[in-house]
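Working through the structure, step by step
This is what each chain is made of:
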Amino acid sequence: MTPPASLLLLLLLGLSRAHSEVQEDEEEDADVEITTRILTSNNGSSEILLEGDMTAPRTRNAMFCYSNNCLWMKASNGLVMIPFTVSSEFPSWERRKIDLAMQSFHSSTCLRFVPRQSEYDYISVENRDGCFSSLGRVGGRQVLSLNRRGCMYHGIIQHEINHALGFQHEQTRSDRDQYVRINWENINPQMAYNFHQQRTNNLNTPYDYSSIMHYGRTAFSIQYGRDSITPIPDPNVQIGQRKGMSRMDITRINRLYGC
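These notes cover the structure that comes with them. (Residues numbered from 1 in each chain as written. Predicted model: local features only at pLDDT ≥ 70, side-chain atom pairs only at ≥ 80, totals over all residues. Heavy atoms only, no water.)

**Points about the environment of C110**
Looking at where C110 falls in the secondary structure, it is placed in the loop between α3 (92-106) and β4 (111-115). Remark: the alpha-carbon pair of C110 and M81, spanning 29 residues in sequence, is separated by 8.6 Å. (Helix = DSSP H or I, 4+ residues; strand = E, 2+ residues; numbered from the N terminus.)

This is the structure we're talking about:
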């Protein structure tokens, strides 16, 4: 039986609207720096988050992802298989966005995100209160939150996945003071802990201003227009990302996981 013309029209309008929303998201992505979106979405979150979007570790040492204990395991075929589930709260077009972000790792690294069967360790993508993730593999079910009202952007999904892989924010690197100046006077003292340097494994790679893991220059600023981070020696260098992973982000994944 042929559907009535009015029903076909509604279906077409719905598809057109969904396509338009995706296009608008991508256009906005080019204008707003990724971590600015993340911090805006997480403002007022009920979660306890470190550096704006990382869940507090179960143990103190979990913040230092040095050993294989916090990495996802490589299979005998040389691929790193990472099981995941996606909450049914996400409609099909948002699940497609999540799939596309995960697949972007497949083409340039040895990582493979695979639907969970019965594996004990896995990533559970959920619609929680903000955009956030654990640091590295923590064991068992670990939540990677993508709030539907603020986190459904390609770059944000990649950013949170990178945390789940074991990567911290670029501006907390152990050598960051050679490349950026932290303007403590422009940062709320209660938020200053978000800029503490970490004992990071830099994998013999240069500092990357364009890393998807780098904060924008006004992150946690006390007032609009005041920079919390200034690149040095050239203060005009763009920091942060608006689209997706940089070449160095991909290089680091391959080095960390021996791809």
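**Description of the packing of α3 against helix α4 (residues 154-165)**
One way to put it is that α3 packs onto α4 with a least axis distance of 9 Å and a crossing angle of 55°. If you check the angle between α3 and α4, you find them oblique. In this structure, α3 crosses over α4, and the sense of that crossing is right-handed. Across the interface between the two elements, K97, I98, L100, A101, M102, S104 and F105 of α3 pack against H154, I157, Q158, I161, N162 and L165 of α4. Grouping the constituent residues of the contact of α3 with α4 by class yields 8 nonpolar, 4 polar and 1 charged. (Axes fitted to C-alpha atoms, helices over the stretch in contact; angles between N-to-C directions. Parallel < 35°, antiparallel > 145°, perpendicular 65-115°, else oblique. Left-handed = near helix turned anticlockwise from the far one by under 90°. Contact = heavy atoms within 4.5 Å. Nonpolar A, V, L, I, M, F, W, Y, C, P; charged D, E, K, R; others polar.)

**Remarks on the sheet that holds strand β7 (residues 141-146)**
Spatial ordering of the open sheet is given by β4-β3-β5-β7-β6, a layout of 5 strands whose pairing is mixed. Pairing within the sheet leaves two strands with one partner each, and these edge strands are β4 and β6 (131-132). Both strand β3 (residues 80-86) and β4 contribute to a ladder of 5 bridges, which runs parallel. Each residue of the ladder has a partner; that of F84, found in β4, is P115. Its contacts with the sheet put α3 on β3, β4, β5 (122-126) and β7, and the angle it makes with β4 is roughly 145°. (Pairing = 2+ DSSP bridges.)

**A short note on the state of the cysteines**
Applying the stated criterion across every chain, the model contains 2 disulfides. The disulfide partner of C110 is C259, and the S-S distance across this bridge is 2.1 Å. Across the S-S bond of C110 and C259 the torsion is about -65°, and the bridge reads as left-handed. Of this pair, C110 sits in the loop between α3 and β4 while C259 sits in the segment after α5 (247-256), placing them 149 residues apart in sequence. The class of C110 is buried, set by a relative accessible area of 8%. With relative accessibility at 43%, the residue C259 sits in the partly exposed group. Here C131 connects covalently by a disulfide to C151, the sulfurs 2.0 Å from one another. Judged by the torsion about the S-S bond (-90°), the C131/C151 disulfide is left-handed. Residue C131 is found in strand β6, and its partner C151 is found in the loop between β7 and α4; the two are separated by 20 residues along the sequence. (Disulfide = S-S within 2.5 Å. Buried < 20%, exposed > 50% of the residue type's maximum accessible area, 1.4 Å probe, protein only.)

**Topic: the environment of P91**
Along the chain, the position of P91 falls in the loop between β3 and α3. On a C-alpha basis, the gap between P91 and R148 in space is 9.7 Å, while along the polypeptide they are 57 residues apart.

**Some thoughts on the pairing of β5**
Counted residue by residue, β5 has 5 buried out of 5 residues, so it is predominantly covered. A two-sided burial pattern is seen for β5, the buried positions comprising Y122, S124 and E126 on one face and I123 and V125 on the other. As defined by bridge partners, β3 adjoins β5 across 3 bridges and the pair is classed as parallel. Among the inter-strand pairings, T85 is bridged to a residue of β5, identified as S124. Across 5 bridges, the pairing between β5 and β7 is parallel. Bridge pairing links E126 to S145 in β7.

**Considerations on the packing of aromatic side chains**
Here the structure, examined in full by the defined rule, presents 7 aromatic pairs. When the centroid spacing of 6.3 Å and the interplanar angle of 80° are considered together, the rings of W184 and F195 count as edge-to-face. Residue W184 is found in the loop between β8 (180-182) and β9 (229-231), and its partner F195 is found in the loop between β8 and β9; the two are separated by 11 residues along the sequence. Arranged with centres 5.9 Å apart and planes meeting at 75°, the rings of F195 and Y215 form a pair that is edge-to-face. Taken together, the positions of F195 in the loop between β8 and β9 and Y215 in the loop between β8 and β9 put the pair 20 residues apart, joining distant regions of the chain. Each member of the pair, F195 together with Y215, is buried. An aromatic cluster is present here, built from W184, F195, Y215 and F220 joined pairwise through their rings. Positioned over the ring face of Y153 is K97, at 5.6 Å from the centre of the ring. The ring of Y122 has R116 lying over it, and the distance from NZ or CZ to the ring centre is 4.0 Å. (Phe/Tyr/Trp six-rings, centres within 6.5 Å; stacked < 30°, edge-to-face > 60°. Lys NZ or Arg CZ within 6 Å of the ring centre and 35° of its normal.)

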